[in-house]
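# Results of the structural survey
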Amino acid sequence: MIGEVDSAYVQAPEHRPKPSVIIAEGIPLIDLSPINYNQQEEAAITTTVSIQGLVKEIASACKEWGFFQVINHKVPLDKRDRIEDAARKFFALSLDEKLKVRRDAVNVLGYFEAEHTKNVRDWKEIYDFNVQEPTFIPPSNEPDDEHNIQFQWDNRWPHNPPEFREACKEYAEEVEKLAYKLMELIALSLGLAPNRFRGFFRHNTSNIRLNHYPPCPYPHLALGLGRHKDTGVLTVLAQDDVGGLEVRRKSDGEWIRVKPIPNSFIINVGDMIQVWSNDAYESVEHRVMVNSERDRFSIPFFLKPALYTDVKPLEELIDDNNPPMYRAVNWGKFRSARMRSNFAKSNVENLQIYHFKISQ
């Protein structure tokens, strides 16, 4: 039955014949075992027959859905378990303790809590940290150019739980490797060299967010997170067994609930891939529904380029028959404009990538 997943398949025993892609609540579930890479390996994926099939599945998922789930991804389960445990312990601390690492308009890293009232729509608390530490704002593409550094973002690590920082950094290292492998597959699916995107992440601004959605006594009035599209490049999401993520299906606009699958990740392309691919792959709306009885925890990794990156349709993907659909989007300015809306109310619409569309 569509939407049901064989637990034996998820564990992927070697003796069991299995398809490489099935449908889980309508969203493709892709087995990454053909990559068969070592976590210490930095070389680009080598194209083989099995990889070619995987690339076709990635292409179909990105084009038709903008979302898919992956299993056999090589991220050690103990690293994921450890950061999930640390997140639960951190969010269980008193509010006064968590506010010691509160974010602000200058340094956007740290803890943030939405106001829990009957009128609020986003019902959650979060903790953000950057993968590269520190992150210089603005960064320089010349590493020795100290004159180009104005200030820096440092991760605001809490003292409790004591294992929090190490658990976060270990997990970040592993999931970042997965993100780069996925970008190689996406590059191949667009007919590009597998390492085509790597240069954009030399001074990346990638971050990980720990999300806690408390039980909501007003589930008919609130959302865990309102509908939105991810502004970055690629999102790699770990969610617990509570679920709540919903994706807007491109074919008919219906909201599809993503069924939690043990030891899987949910992947979605962001706005920057939409621009790079010249609309071949589209960033898709999604939202999070609240639960009236259980806490929900999720951990998204947001792959983001260097702030100085001008994102525009890749030259290999445009020609006279497929002209560029976007003018260049400076990632730093785009991200800054979006971040400002988190700290100040405005009557002006948030900056969106369609504001960079070229009239044809």
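Fair warning: this is a prediction, and the values are worked out from it, not measured in the lab.

Calculation rules
- Residues numbered from 1 in each chain as written.
- Predicted model: local features only at pLDDT ≥ 70, side-chain atom pairs only at ≥ 80, totals over all residues.
- Heavy atoms only, no water.
- Pairing = 2+ DSSP bridges.
- Helix = DSSP H or I, 4+ residues; strand = E, 2+ residues; numbered from the N terminus.
- Axes fitted to C-alpha atoms, helices over the stretch in contact; angles between N-to-C directions.
- Expected span 1.5 Å × (residues − 1).
- Buried < 20%, exposed > 50% of the residue type's maximum accessible area, 1.4 Å probe, protein only.
- Parallel < 35°, antiparallel > 145°, perpendicular 65-115°, else oblique.
- Left-handed = near helix turned anticlockwise from the far one by under 90°.
- Contact = heavy atoms within 4.5 Å.
- Nonpolar A, V, L, I, M, F, W, Y, C, P; charged D, E, K, R; others polar.
- Salt bridge = Lys/Arg side-chain N within 4 Å of Asp/Glu carboxyl O.

### With respect to the sheet that holds strand S14 (residues 286-288)
Read from one edge to the other, the open sheet built from four strands follows the order S9-S14-S11-S12, with strand pairing classed as antiparallel. The open sheet has two edge strands with one neighbour each: strand S9 (225-228) and strand S12 (255-257). If you compare each strand with its neighbour and ignore which way they point, the axes differ by 20 degrees on average. Two elements, strand S11 (residues 245-248) and S14, share three bridges in a ladder whose sense is antiparallel. When the sheet's bridge partners are listed, Glu246 is paired in S14 with Arg287.

### Focus on helix H2 (residues 49-64)
In a regular helix each residue adds 1.5 Å, so 16 residues correspond to 22 Å; H2 covers 23 Å between its end C-alpha atoms and thus fits that length. Residues of H2 that are buried include every one of Ile51, Leu54, Val55, Glu57, Ile58, Ala59, Ala61 and Cys62, and no others. Note on H2: the residue one or two positions beyond its end, Gly66, has a positive phi of about 80 degrees.

### Let's talk about the packing of helix H3 (residues 77-91) against helix H5 (residues 164-189)
For the pair H3 and H5, interaxial distance at closest approach is 9 Å and the crossing angle is 140 degrees. Taken as axis vectors, H3 and H5 run oblique relative to one another. Crossing angle aside, the handedness with which H3 passes H5 is left-handed. On H5, the residues that touch Lys79, Arg80, Arg82, Ile83, Ala86 and Phe90 of H3 are Phe164, Glu166, Ala167, Cys168, Glu170, Tyr171 and Glu174. Taken together, the residues of the contact of H3 with H5 sort by class into seven nonpolar, no polar and six charged.

### What about the pattern of salt bridges?
The final tally for this structure, using the stated rule, is 25 salt bridges. In this structure, the salt-bridge partner of Lys177 is Glu173, at a minimum N-O distance of 3.9 Å. You can see Lys177 and its partner Glu173 sitting in helix H5, four residues apart, about one turn around the helix. Lys177 gets classed as buried once you look at its relative accessible area, which sits at 14%. Using a relative accessible area of 44% as the deciding quantity, one classes Glu173 as partly exposed. A salt bridge links Asp252 to Arg249, with the nearest nitrogen and oxygen atoms 2.8 Å apart. Judged by its relative accessible area of 42%, Asp252 falls in the partly exposed class. Residue classification places Arg249 among the partly exposed residues on the basis of a relative accessible area of 26%. One connected set of salt bridges, linked through shared partners, spans Lys79, Arg82, Glu166 and Glu170.

### Quick word on the packing of H2 against H5
The description of two helices packed together rests on the angle between their axes and the distance between the axes. Here H2 crosses H5 at 85 degrees, and the two axes come no closer than 8 Å. Put simply, H2 runs roughly perpendicular to H5. Of the residues in H5, those touching H2 at Ile51, Leu54, Val55, Ile58, Ala59 and Cys62 are Leu185, Ile186, Leu188 and Ser189. Classifying every residue of the contact of H2 with H5 gives nine nonpolar, one polar and no charged.

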